[in-house]
There are 2 protein chains.
Amino acid sequence: MNLLNAGQTAAFLRECSDVHILIHRSPDGDCIGSGYALYAVLTAFGVRARVCCADPIPPMYRFLIEGVEFEEFAPQTVIAVDVADLQLLGDLREQYEGKIDLCIDHHISNTGYAAANFWNPNASAACEALYTLLKSMQFPITKQIALCLYTGMATDTGCFKFSNAGADTFAAVADLKRMFDLPYASLNRQLFDVKSKGRMALDARLMQAVQMSADDRIALLYLPYVWMEELGVSANEVDGASNLPLQIAGVEIGILVKEQPEGGYRISMRAGDHADVSVICRHFGGGGHVKAGGCSIAEGTPEAVCKMLMEVSEAMLNA
Amino acid sequence: MNLLNAGQTAAFLRECSDVHILIHRSPDGDCIGSGYALYAVLTAFGVRARVCCADPIPPMYRFLIEGVEFEEFAPQTVIAVDVADLQLLGDLREQYEGKIDLCIDHHISNTGYAAANFWNPNASAACEALYTLLKSMQFPITKQIALCLYTGMATDTGCFKFSNAGADTFAAVADLKRMFDLPYASLNRQLFDVKSKGRMALDARLMQAVQMSADDRIALLYLPYVWMEELGVSANEVDGASNLPLQIAGVEIGILVKEQPEGGYRISMRAGDHADVSVICRHFGGGGHVKAGGCSIAEGTPEAVCKMLMEVSEAMLNA
């Protein structure tokens, strides 16, 4: 991987032009936050830029993109943020593969696909890596950029709950909170707590059908797509359900298997204190972090897929 | 209220002897954390001290008190921590009323009952106030004290989610995280996420019987004591359920009414972005903060008590 330090990255950003900023498919708070923060930084430098994503921005993150409108233009520079792997570009992969000049990321699993990288695997979020970069550039962080950076750090750390929320993360948020009196509590409530009645009902159904194994150290929830239709719950709305299985006392590996409308399954995994789910996710061609990862399985009956995930997880726990 | 600054409070702590440290009844992470942190500080000064509480320390907080054993002795000095009001001393009130030399607290509602006060109503937690004091004293914070202080700040802010989690709170935690590599994520999971199967079932029952009013801006959950017996859920275990009603989209005031085994009701209230529940709690002789408060109601049928709480809350919302 060709690494740039903060000074080199800053020079790159100041000198680039006509930038397409790529964020990953199924966009989350961190890629949207870092993508739109970078957009604001480049715009402040007088550089034309836009954010490109294979999927639409979920309604819960629309507050980050309000008032932003992009021009259509051909890119002179392509920058990926929070994208660990080309596969995560989704439908944008074909168009941009081999043309990515810079990647700003924090994933330990980053494959080094970009020509140059500002990469900090110790950062909790791409937004934390970007915050560090902006501070070292002495860039005047605006209220909108602070909102983006806070959202990315908050969402990638489960509101500062996970092990990736380090001293630097807390110091960065302290700094942002000193700069701007944003409605953090209201934001946190919307991002982490509030559920529609449909989602509440879905969670209850999921929990009632929990599958457990390995002396209750593994909990798996299977979500048939028809439940989401029945309860009027969207794919984005269900993301937080990934954290449900780990809420059961004693569970070390929590698995959520989501049947996809087009067939196949998307799997989210979460690890407790002692497990590493990145190993399991990589086994199935996915990726992520030690404590949170994901993968896709294209084929198989729900029973077979769940059984396979259970077996690999058991093997990992007993390794 | 007779206020002391950090220097005066430090001088007091260095010169006192035979200290009883009082924490509030139904002890939570902040009063246990600040009480036991202060105990460790006094012990380091060679001052004999003990923590006194009307109720036992809940099992989930036992990790803060492991290995600590107190001598019996008559107090020369009495210090209350995180106690806003004498009433919150529970059964200890009679013994200590009028004899409290110092109070270390952060509640805006503190009644000024102590002879002297180290009071910071801008602090998220008594533990944050104590952290500030220890830093200004240049006291060498130990790993055990850091654990106590972190726990108090984390629990009083809902793991840094509530509006009381300020820049200073984040800076304090950044400092503690730089000092000691404690198992923060594991601790957070135990404090905030993990529920027994009984508690999971209880939450489902509570949510199924939710009462809503004022165009779904108020949500009230009523918990009959018998449910806790049926599901084997303890009083301490049920505390987190106070946050459930506010998880419903659009709710501004969330109320949990817990029937008490000895008769009467304890009420926890939470406010969304626009409401102030401290007003409502004070109306019923209780107290707390703008966004989180509590009170007790001694008499009435469940229906009458819930109706009354709804009416006062509606009046507050429409005020």
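Anyway, here's the lowdown on the structure attached to this text. Note that this is a predicted model, so its numbers are computed, not measured.

Glancing now at the environment of Asp156 of chain A. Residues and elements named next belong to chain A. Considering the arrangement of structural elements, one finds Asp156 in helix α5 (residues 143-156). The buried category is assigned to Asp156, whose relative accessible area is 16%. Taking the C-alpha atoms as reference, Asp156 lies 9.9 Å from Glu128; in sequence the two are 28 residues apart. Setting aside residues up to four positions removed in sequence, Asp156 forms contacts with Asp28, Asp30, His106, Ser124, Ala125, Phe162 and Asn164.

The subject of this paragraph is the layout of surface pockets. All names here are of chain B. The volume enclosed by the second largest pocket comes to roughly 180 Å³. Tyr36, Arg50, Val51, Cys52 and Phe70 are, among the 13 residues lining the second largest pocket, the residues nearest its centre. In terms of residue count, the dominant contributor to the lining of the second largest pocket is strand β2 (residues 49-52) (three residues). Considering only residue class, the lining of the second largest pocket consists of ten nonpolar, one polar and two charged.

Another point: the relation of the copies chain A and chain B. Rotating chain A by 180 degrees and moving it 0.0 Å along the rotation axis overlays it on chain B with an RMSD of 0.0 Å. Those values place the two copies in the arrangement expected of a two-fold rotation axis. Most of the interface of chain A is mirrored in chain B: 100% of its interface residues are interface residues there too.

All names here are of chain B. An order of β2-β1-β3-β4-β5 is seen for the five strands of this open sheet, with the pairing classed as parallel. The sheet is open, and its two borders are formed by β2 and β5 (116-119), each paired with just one other strand. For this sheet, the mean angle separating the axes of adjacent strands, direction not counted, is 20 degrees. Sheet topology note: the strand β4 (residues 102-105)/β5 ladder contains four bridges and is parallel. Residue pairing for β5: Cys103 is matched across the bridge by Asn117. Along the sheet, helix α4 (residues 126-136) contacts β4 and β5; its crossing angle with β4, the most-contacted strand, is approximately 110 degrees.

Rules behind the numbers
Residues numbered from 1 in each chain as written. Chains lettered and ligands numbered in written order. Predicted model: local features only at pLDDT ≥ 70, side-chain atom pairs only at ≥ 80, totals over all residues. Heavy atoms only, no water. Helix = DSSP H or I, 4+ residues; strand = E, 2+ residues; numbered from the N terminus. Buried < 20%, exposed > 50% of the residue type's maximum accessible area, 1.4 Å probe, protein only. Contact = heavy atoms within 4.5 Å. 1 Å grid on protein atoms, 1.4 Å probe; cavity = no way out; pocket = protein on both sides within 12 Å on 5 of 7 lines; lining within 4 Å. Points joined across faces, edges and corners; volume = space filled by probe spheres on them. Nonpolar A, V, L, I, M, F, W, Y, C, P; charged D, E, K, R; others polar. Least-squares fit on C-alpha atoms with pLDDT ≥ 70 in both. Pairing = 2+ DSSP bridges. Axes fitted to C-alpha atoms, helices over the stretch in contact; angles between N-to-C directions.

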